[in-house]
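Observations on chain architecture
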Amino acid sequence: MSDRSTALLLIAVALAGYGLYIAGYVPAMLLGQPVPLLLIGFVLQAVCALAAAVGVWRGRSWAAVVVVLLGLSIAATWLIEGFVLGIVAYLHALLVAVLAIVVALIIAAYVNRQRGPRID
């Protein structure tokens, strides 16, 4: 196993773990009266993370786009929590949103660069 495939496997496992972690919030949100924006944000994060994990693991060309969508959905959810609902502090929400986008862009660039030619 090469370093490239090991790194991509670790990225896929981390994305799948994050997707399962975030998906664990959804059933609890459905018990009470959920805030629709938060529910949509968490469902979108879970779906994007799991789809990105599958795409990275299988070496698909769309995986980098889904990783960027995951970063944008994380950023949007934190900004809604901070600025719209006031659940978390503004600066903390802004910091997490910026970090989510930066990390997603770095991972997407790595996945896109390391994808390489495939023979199917």
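Just above sits the structure.
Described in the following lines is the structure provided in the data block. Predicted model only: the values in this text are computed from it and were never measured.

**Examining the overall build of the protein**
Secondary structure summary: the protein contains 5 helices and 0 strands in total. The helix and strand sequence of the protein, counted from the amino end, reads α-α-α-α-α. Counting only C-alpha atoms, the protein reaches 50 × 30 × 20 Å along its principal axes. Taken across its 120 residues, the protein has 35% of its residues classed as buried. Taking the intrachain contacts of the protein between residues at least 6 apart in sequence as the baseline, contacts between residues at least 24 apart amount to 66%. Of the accessible surface of the protein, which amounts to about 7,300 Å², a share of 74% is contributed by carbon and sulfur atoms.

**Describing the environment of Val-26**
Relative to the elements of secondary structure, Val-26 occurs in helix 2 (residues 25–31). The class of Val-26 is buried, set by a relative accessible area of 16%. Once residues lying within four places of it in the same chain are set aside, the contact partners of Val-26 are Leu-39, Phe-42 and Val-43.

**Looking at helix 3 (residues 36–58)**
For helix 3, with 23 residues, the first-to-last C-alpha span of 33 Å sits near the 33 Å given by 1.5 Å per residue. Of the residues one or two after helix 3, Gly-59 is the one with positive phi, at around 75°.

**Considerations on the layout of surface pockets**
Reported here for the largest pocket is a volume of approximately 250 Å³. For the largest pocket, the lining is made up of 14 residues, of which Ile-74, Ala-100, Val-103, Ala-104 and Ile-107 are closest to its centre. For the lining of the largest pocket, the secondary structure elements donating two or more residues are helix 1 (3–23), helix 4 (63–84) and helix 5 (90–114). When the residues that make up the lining of the largest pocket are grouped by side-chain class, the tally is 13 nonpolar, 1 polar and no charged.

**A closer look at the packing of helix 3 against helix 4**
Contact pair helix 3 / helix 4: the axes reach a minimum separation of 8 Å and the direction vectors enclose 160°. Classed by the angle they form, the pair helix 3 and helix 4 counts as roughly antiparallel. In the packing of helix 3 onto helix 4, the handedness of the crossing is left-handed. For the pair formed by helix 3 and helix 4, the contact residues are Leu-37, Leu-38, Gly-41, Phe-42, Leu-44, Gln-45, Cys-48, Ala-49, Ala-51, Ala-52, Gly-55 and Val-56 on the first element and Ala-63, Val-66, Val-67, Leu-69, Leu-70, Ser-73, Ile-74, Thr-77, Ile-80 and Glu-81 on the second.

**Considering helix 1**
Its 21 residues give helix 1 an end-to-end C-alpha distance of 30 Å, which sits within 8% of 30 Å, the value for a rise of 1.5 Å per residue. Taken together, the buried positions of helix 1 are occupied by Leu-8, Ile-11, Ala-12, Leu-15, Gly-19 and Ile-22. Down the axis, helix 1 shows its buried residues gathered within 100° of arc, on one side only. Within helix 1, the exposed residues directed more than 90 degrees away from the buried face are Asp-3, Leu-10, Val-13 and Leu-20.

**Concerning the environment of Leu-38**
Structurally, Leu-38 can be placed in helix 3. For the pair Leu-38 and Ala-108, spaced 70 residues apart in sequence, the C-alpha to C-alpha distance is 25 Å. Once residues lying within four places of it in the same chain are set aside, the contact partners of Leu-38 are Met-29, Thr-77, Glu-81, Leu-85 and Ile-87.

**Thoughts on the nonpolar core**
Generally speaking, nonpolar side chains in soluble globular proteins are found buried as a group. Among the nonpolar cores identified, the biggest contains 19 residues, and Ile-11, Leu-15, Ala-52, Val-56, Val-67, Leu-70 and Val-111 are the most heavily contacted of them. Of all the secondary structure elements, the ones that give two or more residues to this core are helix 1, helix 3, helix 4 and helix 5. If you tally residues by element for this core, the top one is helix 4, at 6 residues. If you look at the next biggest cluster of nonpolar residues, it comprises 7 residues, including Met-29, Leu-39, Phe-42 and Ala-46.

Rules behind the numbers
Counting restarts for each chain, with residues numbered from 1 along the sequence as it is written. Totals for whole chains, interfaces and linings use all residues, but because this is a predicted model, local features are given only for residues with pLDDT of at least 70 and pairs of side-chain atoms are given and counted only at 80 or more. Excluding hydrogens and water, the side-chain figures rest on all heavy atoms present in the structure. Under the DSSP-based scheme used, a helix requires at least four consecutive residues in state H or I and a strand at least two consecutive residues in state E, with every element numbered from the N terminus. Three exposure classes are used, based on accessible area relative to the maximum for each residue type with a 1.4 Å probe and protein chains only: buried under 20%, partly exposed in between, and exposed over 50%. Throughout, a contact is declared for two residues whenever any of their heavy atoms are within 4.5 Å. Reported accessibility uses the Shrake-Rupley method at a 1.4 Å probe radius. Residues are deemed covered only where the shown protein chains occlude them. The length a helix should cover is 1.5 Å for every residue beyond the first. Residues are called lining when one of their atoms sits within 4 Å of a cavity or pocket point, these points coming from a 1 Å grid over the protein atoms alone, where a cavity is a set in which a 1.4 Å probe fits but cannot get out and a pocket is an open set with protein on both sides within 12 Å along at least five of seven lines. Grid points are joined across faces, edges and corners, and a volume is the space filled by probe spheres set on the points. Residue polarity follows a fixed list, in which Ala, Val, Leu, Ile, Met, Phe, Trp, Tyr, Cys and Pro are nonpolar, Asp, Glu, Lys and Arg are charged, and the others, Gly among them, are polar. Between N-to-C directions, angles cover 0 to 180 degrees, with each direction set by a line fitted to C-alpha atoms, over the stretch in contact for helices. Here the word oblique covers every angle except those under 35 degrees (roughly parallel), over 145 (roughly antiparallel) and from 65 to 115 (roughly perpendicular). Left-handed describes a crossing whose near helix is turned anticlockwise from the far helix by less than a right angle; the clockwise case is right-handed. This arc is built from the directions going out from the helix axis to the C-beta atoms. What is meant by a nonpolar core is a set of buried Ala, Val, Leu, Ile, Met, Phe, Trp, Tyr and Cys residues, joined one to another through side-chain atoms within 4.5 Å.

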